[in-house]
Amino acid sequence: MNIVLTNRRIENRSALPIYLASLMCFWLGCVSLPAQEDIPLRRPNPPKLPAAYPEIVLPEGPGPHYYLNAEEVRRLRVAYAADGEAGKSLAKIVHQAQSEMQIPLTFPPKGGLHSSLYHCPDCQRKLKPVLDGSRQLKHHRCGKCDTQWKGYPYDDVHYTAVHFKNFKRGLLAAKAFILTDEDEYAVFVRDLLVGYSDRYQGYKRTKGILSRGRYGHICSTDHEAGSLMMQYLGPMYDMAGHHPAFSAEDHRHIQDDMIKPMMAYLDTATMRGKSNHHSFHNAGYIWGGVLTGDKTRIAQAIYGKGGGFIEQVRTAPSREGLWPGGYSYHFYARRALVRTAEVARHIDIDLYAEPQFKKMFFLPAQEVMPDGCTPNFGDDPGKYVVGRLGAEEGYAAYQDTALLPLLATKVTWESILAGRTKALQQVEFENESVLLPDGGHAILRGREPASFSLAMQFGKYGTSHTHFDKLSFILYGNGQQLGLDSGKRHSVDYESDVHQAYYRGTIGHNAIVVDGHPQQKNANNCELLEFEAEGVIPYVGAASSELHDGVRQVRWLAVAPEYVLVLDKLHSKEKHIYDWWYHCKGENGTVEQADSVGQPRKESVDPGLKYIADIQRGNASENLLWEVSRNAGQFRLTLANESETSVLTGTGPLTSLDKRVPAVQFTRAGKDVTFVAALEFVDQGKVPFVSNIQVFVKEEKTSVTVFHANGNDRFVLTDDQFLVLDKKRTSRE
């Protein structure tokens, strides 16, 4: 067992690797230096307001007003008093609040840091805090290597968890107060808020590794401060603040010494406009505004220039309603937007009427994959679409049955608050092929027997959470995922090498690497060539000349009922080396010709290649077959012979460096290179459907014939025009 006491302060990303820094700390006597500093706030830059905007009118009299109103309080209390699922669901909240209140309130000695820093530097595994008998923090343990880490930044990340746990306890108590009207719950909320108001400005601003210059008292990033305000502080104060336990001095103290300084912190934010961070700033502004009676803050949240709610939802989402950065950030931003819209609704401002905001609720149902998750492009681990935060509010606002599949079946606090007091039968999604020309997604749905769902990414490079994954795709079929995007599958430091080089790099996707280099940031969308969703074999094509200097890449994907065809054409005036990558869950990914133990070729400069392990290599001038064993069957990838091909099989990291999945790399070189592959899943004991692929390339024409158990399918590509020529096959129902 190793014990490492370290102050992991990184001032420069070109500094020594973490393990060397830790070793230096050991040589210096394992002294953990203090990491908290009294850092002045950056210059305030509050959102500007237009010359004129609608009048804002706030309700009078004792609350609650903004998280819920008198009618919603009545609805919750009626449900709580009644028998049935609704009453049981609310009773659990009261029981949980009672249990939490038995634990004394403790306040961490300082603010915290972002959770993405809470991992073992050696294993990239999320750490776990270890407490002593009195529940005091001892150290942080890696479950893989058993190393125990102490000090900065791990203690600070743990303090963030404790802070948010405290506020969650306060929110539970406030909900229990609304349901029972019992004094003890309001008193608990009062003690929590006054306790934090006593300490808030005394907490020195924490110097974080992430987001240098954005240092808060409790939260190390300004959007986390907005999140704290909208999720916990605002709702609990609104629900319990009218109780006599709160004195006039308490109200002054909470507002002047915590809420207003927190809004001043939001004023120093630089990530505004289309950033999801500013969605949280706006939620913090509107909550701070209604709680302190500051209408300017409310106006900044809704009407602010450079990123107020209205400007954000009109400019940030794609025309189809997809938020930049993929679905992880779509749901993340929408959560904050809904909080703002709900406060606005309680002061008679209808933000749900914004058309692009409305689309953000409907779109996930159209793109859901067979496992119930959205396509996990970018920094997205794959988000389960049912029961997402904001789903109940969206259904209450629009009352459209198309949103029913997105609702959780159980009755919850949120569903009752939104007006739904009865359980639902799960409604199935009506999955059809869908194209997002502006958002850059194409989803093809195949017919039985495989019932493939294929999602292709051809959008532009958007935010820092976007990956170098253009023209890549993920694949589901035969009731399982058959082609995956490594994405951001676990809690990892965004700046770590494995994230930047592999998970974010082109190598971690079903895509093509040129000369060992990941794709460039393309300023524009890739060019959509054609999307055909009708017929037995739907298909899509897209191209780009911006992903690699001097190289034009064209990719066509066709979804037959039994297999998927991948056709890639690469053209350049100069000779290049093209690495064609594919990743699939399973075991024992093998190619017969890859029979030599080896390492990545020496001339490769791909920084992600060092994360490929279990390497076997080979060469061939014939069709190549990659087989992966999984789920009582085999995934088969047949690559057609077109030129001399080098093959590398191995495993790449998925959820961590030791949780790995099979990967294959096919390499060809030249000025004009073609890759054609057929993908299928074969149940154990069954005969493969695809028997052979033939490719003929002549000048501007590429002809592909896929031979299979029922005959053959022919595809012709000329001048970026894709044709399926077998009339008998395409017309058969």
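See the structure shown above.
Throughout, residues of each chain are indexed from 1 in the direction in which the sequence is written. Where local features are concerned, this predicted model is filtered to residues with pLDDT of at least 70; where side-chain atom pairs are given and counted, the filter is 80 or more; whole-chain, interface and lining totals use all residues. With hydrogens and water excluded, all non-hydrogen atoms of the structure serve as input to the side-chain values.

**Some thoughts on the packing of helix α6 (residues 222-240) against helix α8 (residues 276-292)**
Alright, step 1. In this description, a line fitted to the C-alpha atoms serves as the axis of each element, helices being fitted only across the stretch in contact, and the angle between N-to-C directions of two axes falls anywhere from 0 to 180 degrees. Only DSSP runs of H or I covering at least 4 residues are called helices, and only runs of E covering at least 2 are called strands; the numbering of each starts at the N terminus. Between α6 and α8, whose axes approach to 7 Å, the crossing angle comes to 35°. The interaxial crossing formed by α6 with α8 has left-handed handedness. Seen from α6, the contacting residues are Asp222, His223, Gly226, Ser227, Met229, Met230, Leu233, Gly234, Pro235, Tyr237 and Asp238; seen from α8, they are His277, Phe280, His281, Ala283, Gly284, Trp287, Gly288 and Leu291. Here is the rule for handedness: rotate from the far helix to the near one, and if that takes an anticlockwise turn smaller than a right angle the crossing is left-handed, while a clockwise turn gives right-handed. It only takes one pair of heavy atoms within 4.5 Å for two residues to be counted as in contact.

**Focus on the side chain of His441**
Alright, step 1. One can find His441 in strand β6 (residues 441-445).
Alright, step 2. For the purposes of these results, a polar contact is taken to be a pair of N or O atoms within 3.5 Å, where, inside protein, one atom must be able to donate a hydrogen and its partner to accept one; residues adjacent in sequence count only when each atom of the pair is a side-chain atom. Side-chain polar atoms of His441 contact the side chain of Glu367, separated by 3.1 Å.
Alright, step 3. In contact with His441, other than residues within four places in its own chain, are Leu322, Tyr327, Glu367, Phe377, Val434, Leu435, Leu436, Met456, Gln457 and Phe458.

**Let's talk about the nonpolar core**
Alright, step 1. By nonpolar core is meant a set of buried Ala, Val, Leu, Ile, Met, Phe, Trp, Tyr and Cys residues that side-chain atoms within 4.5 Å join together. Classification of residues uses two cut-offs on accessible area relative to the type maximum, computed with a 1.4 Å probe and protein chains only: under 20% is buried, over 50% is exposed, and between them is partly exposed. Formed by 115 residues in total, the largest nonpolar core has its most connected members in Phe167, Leu193, Phe357 and Trp413.
Alright, step 2. Not counting residues up to four positions away in its chain, the partners in contact with Phe357 are Phe309, Val313, Arg334, Leu337, Val338, Ala341, Leu351, Tyr352 and Tyr398.
Alright, step 3. Ranked by size, the runner-up nonpolar core spans 44 residues in total, among them Phe473, Leu570, Val628 and Leu637.

**Some remarks on the environment of His576**
Alright, step 1. Along the chain, the position of His576 falls in strand β14 (residues 564-583).
Alright, step 2. A relative accessible area of 12% means that His576 is categorised as buried.
Alright, step 3. Put simply, His576 and Thr340 are 236 residues apart on the chain and 51 Å apart in space, counted from C-alpha to C-alpha.
Alright, step 4. The residues contacting His576, other than those within four sequence positions of it, are Val514, Asp515, Asp549, Val551, Arg668, Ala669 and Gly670.

**Quick notes on a negative patch on the surface**
Alright, step 1. What makes a patch is a set of residues exposed beyond 30% relative accessible area and free of salt bridges, joined within 9 Å when like-charged and within 5 Å when nonpolar (Val, Leu, Ile, Met, Phe, Trp, Tyr). Residue burial considers only the protein chains on display, and all accessible areas are found by Shrake-Rupley using a 1.4 Å probe. Between Lys or Arg on one side and Asp or Glu on the other, a salt bridge is scored when a side-chain nitrogen of the former is within 4 Å of a carboxyl oxygen of the latter. For the charge count, each Lys or Arg is scored as positive and each Asp or Glu as negative, with His and the chain ends excluded. Lys charges are placed at NZ, Arg charges at CZ, Asp charges at CG and Glu charges at CD. Together, Asp672, Glu699, Glu700 and Asp719 make up a region of like negative charge exposed at the surface.
Alright, step 2. Mapped onto the fold, Glu699 is located in the loop between β22 (690-698) and β23 (701-708).

**Some words on the sheet that holds strand β5 (residues 434-436)**
Alright, step 1. Strands sit in the order β5-β6-β7-β8-β9 across an open sheet of five strands; the sheet is antiparallel. Of all the strands in the sheet, just β5 and β9 (480-483) have a single pairing partner and so form its edges. When the angles between neighbouring strand axes are averaged without regard to direction, this sheet yields 15°.
Alright, step 2. Here β5 runs beside β6; their pairing, made up of three bridges, is antiparallel. Across the sheet, residue Leu436 finds its bridge partner in β6, namely His441. If DSSP finds at least two bridges between two strands, the strands pair.

**Regarding α6**
Alright, step 1. Between its first and last C-alpha atoms α6 spans 26 Å; for 19 residues at 1.5 Å apiece the expected length is 27 Å, and the two agree.
Alright, step 2. The sharpest bend along α6 comes to roughly 45°, located at Met229.
Alright, step 3. Most of α6 sits inside the fold, with 19 of its 19 residues counted as buried. One fewer than the residue count of a helix, multiplied by 1.5 Å, yields its expected span. Two axes define the bend at a residue: one fitted to the seven residues ending there, one fitted to the seven starting there, and the bend is the angle between them.

**Things to note about the pattern of salt bridges**
Alright, step 1. Taken as a whole and judged by the stated rule, the model has 25 salt bridges.
Alright, step 2. Lys260 is the salt-bridge partner of Asp256, the closest N and O atoms lying 3.1 Å from each other. Placement of the pair is Asp256 and Lys260 together in helix α7 (residues 248-266), with a separation of four residues, close to one helical turn.
Alright, step 3. For Asp256, a relative accessible area of 30% gives the class partly exposed.

**Re the sheet that holds β22**
Alright, step 1. The four strands are arranged β22-β23-β24-β25 in an open sheet whose pairing can be described as antiparallel. One side of each edge strand has no neighbouring strand; the edge strands of this open sheet are β22 and β25 (721-724). Within the sheet, the average angular offset between the axes of one strand and its neighbour, ignoring direction, is 15°.
Alright, step 2. Summarising the sheet, strand β24 (residues 711-718) and β25 pair through four bridges and their orientation is antiparallel. Residue pairing across strands places Val716 opposite Leu723, the latter belonging to β25.

**Some details on the packing of aromatic side chains**
Alright, step 1. The criterion for an aromatic pair is that two Phe, Tyr or Trp rings (for Trp, the six-membered ring) have centres within 6.5 Å, with stacked assigned to planes under 30 degrees apart, edge-to-face to planes over 60 apart and tilted to the rest. Within the structure shown, the criterion is met by 29 aromatic pairs.
Alright, step 2. Each member of the aromatic cluster is reached from another via a ring pair, and the members are Phe473, Trp580, Tyr582, Trp626, Phe635, Phe666 and Phe675.
Alright, step 3. Both a distance and an angle decide whether a charge sits over a ring: NZ of Lys or CZ of Arg must be within 6 Å of the ring centre and within 35 degrees of the ring normal. For Arg199, the ring lying beneath its charged end belongs to Phe107, and the centroid distance is 3.9 Å.

**Describing unusual backbone geometry**
Alright, step 1. The linkage connecting Gly63 with the following residue, Pro64, adopts the cis geometry, with an omega of 5°.
Alright, step 2. Note that Pro64 resides in the loop between α1 (18-27) and α2 (70-81).
Alright, step 3. Tyr152 connects to Pro153 through a cis peptide bond whose omega is 5°.
Alright, step 4. With respect to the helices, strands and loops of the structure, Pro153 is situated in the loop between β4 (148-150) and α4 (154-180).
Alright, step 5. The backbone of Asn478 shows a phi angle near 55°, a positive value even though the residue is not glycine.
Alright, step 6. Looking at the element boundaries, Asn478 is found in the loop between β8 (473-477) and β9.
Alright, step 7. Overall, Asn478 belongs to the partly exposed group, its relative accessible area being 29%.

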